[in-house]
Protein chains: 2
Amino acid sequence: MTNSAYKNLVSRFREIDSLQHAITYLNWDQMVMMPPGGSEMRSRSIAELAGISHAKLTAPEIEVWLSELAGSADNQASIREMKRVWGNANCLPAELVKEQIIVGSKCEMGWRTQRAANDWQGFLKNFKPVVELSRQEAKYRQEASSATTPYEALLALHCHGDSEALIDSIFNELREVLPDLLQQVVERQGDSQVSVNADFPVENQIKLNKEMLTTLGFDFNAGRLDQSMHPFSTGSAGDSRITTRYETDAFLEAMAGTAHEVGHASYESMLPEAFKGLPIGESRNMCIHESQSLLFEKQIFYSKAFMQFITEKIHSHLSAATSLSADDLWKLGTRVAPGNIRVEADEVTYPLHVMLRYEIESRLINGDIEAEDIPELWNEKMMSYLGVDTKGDYTNGCLQDIHWTDGAFGYFPSYTIGAINAAQIFSVIKSEHAAWQERFKRGDVEFVRDWLLKKIWSQGCQLKSQELMQSATGSPTKAESLIEHLEARYLRCEY
Amino acid sequence: MTNSAYKNLVSRFREIDSLQHAITYLNWDQMVMMPPGGSEMRSRSIAELAGISHAKLTAPEIEVWLSELAGSADNQASIREMKRVWGNANCLPAELVKEQIIVGSKCEMGWRTQRAANDWQGFLKNFKPVVELSRQEAKYRQEASSATTPYEALLALHCHGDSEALIDSIFNELREVLPDLLQQVVERQGDSQVSVNADFPVENQIKLNKEMLTTLGFDFNAGRLDQSMHPFSTGSAGDSRITTRYETDAFLEAMAGTAHEVGHASYESMLPEAFKGLPIGESRNMCIHESQSLLFEKQIFYSKAFMQFITEKIHSHLSAATSLSADDLWKLGTRVAPGNIRVEADEVTYPLHVMLRYEIESRLINGDIEAEDIPELWNEKMMSYLGVDTKGDYTNGCLQDIHWTDGAFGYFPSYTIGAINAAQIFSVIKSEHAAWQERFKRGDVEFVRDWLLKKIWSQGCQLKSQELMQSATGSPTKAESLIEHLEARYLRCEY
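Residues numbered from 1 in each chain as written. Chains lettered and ligands numbered in written order. Predicted model: local features only at pLDDT ≥ 70, side-chain atom pairs only at ≥ 80, totals over all residues.

Draft legend 1. The arrangement of the interface of chain A and chain B in detail. Each partner contributes residues to the interface: chain A has 29 residues there, and chain B has 29 residues. At 8 residues, helix α1 (residues 2–32) of chain A tops the list of elements feeding residues into the side of chain A that touches chain B. Partitioned by chemical class, the residues of the side of chain A that touches chain B number 13 nonpolar, 9 polar and 7 charged. (Contact = placed C-beta atoms within 7 Å. Helix = DSSP H or I, 4+ residues; strand = E, 2+ residues; numbered from the N terminus. Nonpolar A, V, L, I, M, F, W, Y, C, P; charged D, E, K, R; others polar.)

Set out below in structure tokens:
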């Protein structure tokens, strides 16, 4: 009886996975290949598939099957994850979801022009209903879960397993250290000695990035690299789709982007085959996901040793770069400068941008502040964390991000928890492979992939996120992992 | 009551259309973009979507809605086409369909090596069950329709509205004329004076083909041109996907292929917007579809006048082609030579290849011959129609085509009925536009597109195929339309 209930659930989740596969590649096609004329019909088709998928996940028999399995001794982790996914899909009134789509897309559409026009008041009008509905959503999700606050219930959609209390305590530690550390780094680096004023043809950059992908373990029999306005990674085992954005005057950024995406893609490609299509076979959460991309980008690509290896390839593909040494490129890639914009921020200032957003969005959803309060808080924190004055500049201040416009609260922390996880994981890998720099200098990163495959990728959702960090690194996520890394790289210039 | 039944049907068929949209572009991606590692999951996803689509089409409520509409005065053509599509999906036992997939894919897989190995006996063993099941399918389809023979019931899947009797009578006329005409053309052409021995880089060919596509009315805001092993066209209004195969020593063939596919793509793009997603809004049948592609390829691209226009573009993109005049290229493109292989055949011999296959497959399905009889009949007809000896050479004889391997009987006639329809349609367009050659010389084909839009593309399935030919050209499909065209081009060298 319970055995057949589990079998039914497995086959239902695999049907849903087949539909999600279709949506995934139709979305990729839309962003990378589709001509503009295809939009309308494509949206209709994806909406139809999403509707069928949602109906399969919310059908009453799922609740029956899950309740038959209550207390079952077998497949406990798998059932737990099925319940989580099912619960996420079932706890909101359909009416609320529909309203959210309407006010969210209105706010996002408005934002596209209001941002450029520095029009905070115009934005605020559309944004208040978004906040109101997100607060309702958070309450429903909190009731249906063990979340301790409404915000934590939204956080769990992206960072499930990493509690608000954990993030609070981590960010408190960072707040103690980072602003000071930043000052020291800026003083230490002084004025930049390296500048790049040349043209690097996109087709050469593409060849270079493809060669680097192979070095980083990407298999072109099971994936593609294409171009898009916003770099992203999607797909699944056997068929990863990575995109990169190229500018003729910024080849290093494109390469870093490619390295970042290969981290995401590797994780998705190497999830446990036995759990394919089941919630337990999915990636753990965005804090783990981002740790994989940041490990490839920050820990591997921007290391002195790997830069030494890749510089030769850069020279062979980009003739205008031959005057830049490996050391020049490393200095370019590790340049620190406080600024307005999160997506342009370096490794040292990025967490400060994230913390500021976390502090605002958590208080906003928990009802401690109102949307009107955002600009003042933003300015205050930008000044205190980064020494940057954003007063009156909404465009490059609180209007810069798209995330909040359609109610995606609770996503920001994953960037920084991911950076910490990456540093923490890589410090264990380094301690187990004393010759890591020698290997990177030869372009050998396979030992990193092997380690990640064993400890992270092959685990799927069998463990909760902090159990996974504990089992992989011997400790839950801790702020000092990132602080140590930043001090070693930016103060002592060790790697 | 009947009104709501029709509304229900419309909304159901549009849901099915949204699923078919997904399948269409996932198939395109599979053939053009997907890395090999994606195959397994892609097949599973497409099978899931096809299953959902089939279930939506065969659900019992559809029969109820259709029967509520029996005798309805409104939307008669739309309801007729819904019934046709629904009937095609409902008349076979699920068991038979499943068995067909198994034996068909076994036969096709085997054929891939047996063809190269000249292994007729090996193929025959797998092929006999395919024929047996196709005969069963044909009987079921005949019972559920007004088909006069089992073969006609299969024919209707591809050439609905063009009866076996019509095709018989057309092919009888062609058989009287073509072998003789072929002899005259071969004698007239003598040995070729033009030869091409140069290398034409693929990237230059791509630019050339894209420029030609624009001339032929293709809109890159609503479509793409890519490469694939086998050229094809897919997609729908707003998002046409054409592929071409390039060889560095055969640029004219690639261009002809592109022109062919733009005919298919234009038809699919310009179907009536008001009937979008409904059976009445689809293309009429393969005989009409192929007439559109052959009109662009044979009537436009290979005309002396268009060749004069396009030669300048060829010279500007392919430096190795500058020694070839428009007249040289026209001679190259209209060279006639009997041979073994259908897909390499010219405009004069192609119908003879098709007739041979039609005569064999119709007798095979109707039970007048057995699979064992094919090679002897093949050799006999090849000798009598084309004067080509294929005895013992199965590889280049009856094993050359993929169509029959998985039971696609009834498709071949559409190639030649399409060629006739193209000649017949274009002769009317010429008679209405005396200056057609002057226009082609300037690269102006818009008057052709306008005519086709009005008379063919915008019609969807409102008329049956022969009603459509009658209304567009003043006559049903008649063999002499093709004969006149071939005589004018190949004996009198008029255009």
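That shown, we press on.
Draft legend 2. Representation of the packing of helix α12 (residues 304–317) of chain A against helix α13 (residues 326–333) of chain A. Residues and elements named next belong to chain A. It is the contact of α12 with α13, at a shortest axis distance of 9 Å, that shows an interaxial angle of 125°. By the angle between their directions, the pair α12 and α13 is classed as oblique. Viewed along their axes, α12 and α13 form a crossing whose handedness is right-handed. Contact with α12, carried on its side by Lys304, Met307, Gln308 and Thr311, involves Ala326, Leu329 and Trp330 of α13 and no other residues of that element. (Axes fitted to C-alpha atoms, helices over the stretch in contact; angles between N-to-C directions. Parallel < 35°, antiparallel > 145°, perpendicular 65-115°, else oblique. Left-handed = near helix turned anticlockwise from the far one by under 90°.)

Draft legend 3. Region of interest: the domain arrangement of chain A. Residue and element names in this part refer to chain A. Each domain of chain A was delimited in the assignment, giving domain 1 (1–90) and domain 2 (127–495). Mapped by element, the contributors of at least two residues to the side of domain 1 that touches domain 2 are α1 and α4 (76–90). Split by residue class, the side of domain 1 that touches domain 2 holds 8 nonpolar, 6 polar and 4 charged. (Domains from an automatic or database assignment.)

Draft legend 4. Fine view of the sheet that holds strand β1 (residues 223–227) of chain B. Residue and element names in this part refer to chain B. Pairing within the open sheet is mixed, and its 3 strands lie in the order β1-β3-β2. Taken across any chain shown, the strands that pair with only one partner, and hence form the sheet edges, are β1 and β2 (233–236). Recorded for the sheet is a direction-independent mean angle of 15° between the axes of neighbouring strands. Note that β1 and strand β3 (residues 239–244) share 5 bridges and pair parallel. Counterpart to Gly223 in the pairing with β3 is Ser240. On the sheet, helix α10 (residues 251–269) packs against β1, β2 and β3 and is oriented at approximately 160° with respect to β3. (Pairing = 2+ DSSP bridges.)

Draft legend 5. Just the confidence of the model for chain A, in detail. Confidence in the prediction for chain A averages 96 pLDDT; 100% of positions are at 70 or higher. Predicted complex, confidence summary: ipTM 0.93, pTM 0.94. (pLDDT = per-residue confidence, 0-100.)

Draft legend 6. Here's a closer look at the pairing of strand β2 (residues 233–236) of chain A. Bridge count between β2 of chain A and strand β3 (residues 239–244) of chain A: 4 bridges; the pairing is antiparallel. Pairing of Ser236 of chain A across the sheet is with Asp239 of chain A, part of β3 of chain A.

Draft legend 7. Up close: the environment of Gly122 of chain A. All names here are of chain A. Within the secondary structure, Gly122 is located in helix α6 (residues 120–143). Taking the C-alpha atoms as reference points, Gly122 and Ala472, 350 residues apart in sequence, are found 48 Å from one another. If we skip the residues at most four places from it in the chain, Gly122 touches Gly110 and Gln114.

Draft legend 8. Just the sheet that holds β2 of chain A, in detail. Residues and elements named next belong to chain A. Strand order in the open sheet made by the 3 strands is β1-β3-β2, with mixed pairing throughout. The strands lining the two open edges of the sheet, one partner per strand, are β1 (223–227) and β2. Each neighbouring strand pair of the sheet contributes to a mean axis angle of 15°, computed without reference to strand direction. Contacting β1, β2 and β3, helix α10 (residues 251–269) crosses the sheet at an angle of about 160° to β3.

Draft legend 9. Expanded view of unusual backbone geometry. The residue Asn75 of chain A is not glycine, and still its phi comes out positive at about 50°. By the element assignment, Asn75 of chain A lies in the loop between α3 (60–68) and α4. Of note, the phi angle at Asn118 of chain B is positive, near 60°, even though the residue is not glycine. With respect to the secondary-structure elements, Asn118 of chain B resides in the loop between α5 (94–114) and α6 (120–143).

Draft legend 10. Highlighting the relation of the copies chain A and chain B. For the pair chain A and chain B, the superposition axis carries a translation of 0.1 Å, the fit reaches an RMSD of 0.1 Å, and the rotation angle comes to 179°. Look at the turn and shift together and you get a two-fold axis relating the two. (Least-squares fit on C-alpha atoms with pLDDT ≥ 70 in both.)

Draft legend 11. Up close: the packing of helix α7 (residues 150–159) of chain A against helix α16 (residues 413–432) of chain A. Residue and element names in this part refer to chain A. α16 packs onto α7 with a crossing angle of 55° between their chain directions and a minimal axis gap of 10 Å. For the element pair α7 / α16, the angle class is oblique. For the pair α7 and α16, the sense of crossing is right-handed. Residue-level contacts link Leu155, His158 and Cys159 of α7 to Pro413, Ser414 and Ile417 of α16. For the contact of α7 with α16, the class distribution of residues is 4 nonpolar, 2 polar and no charged.

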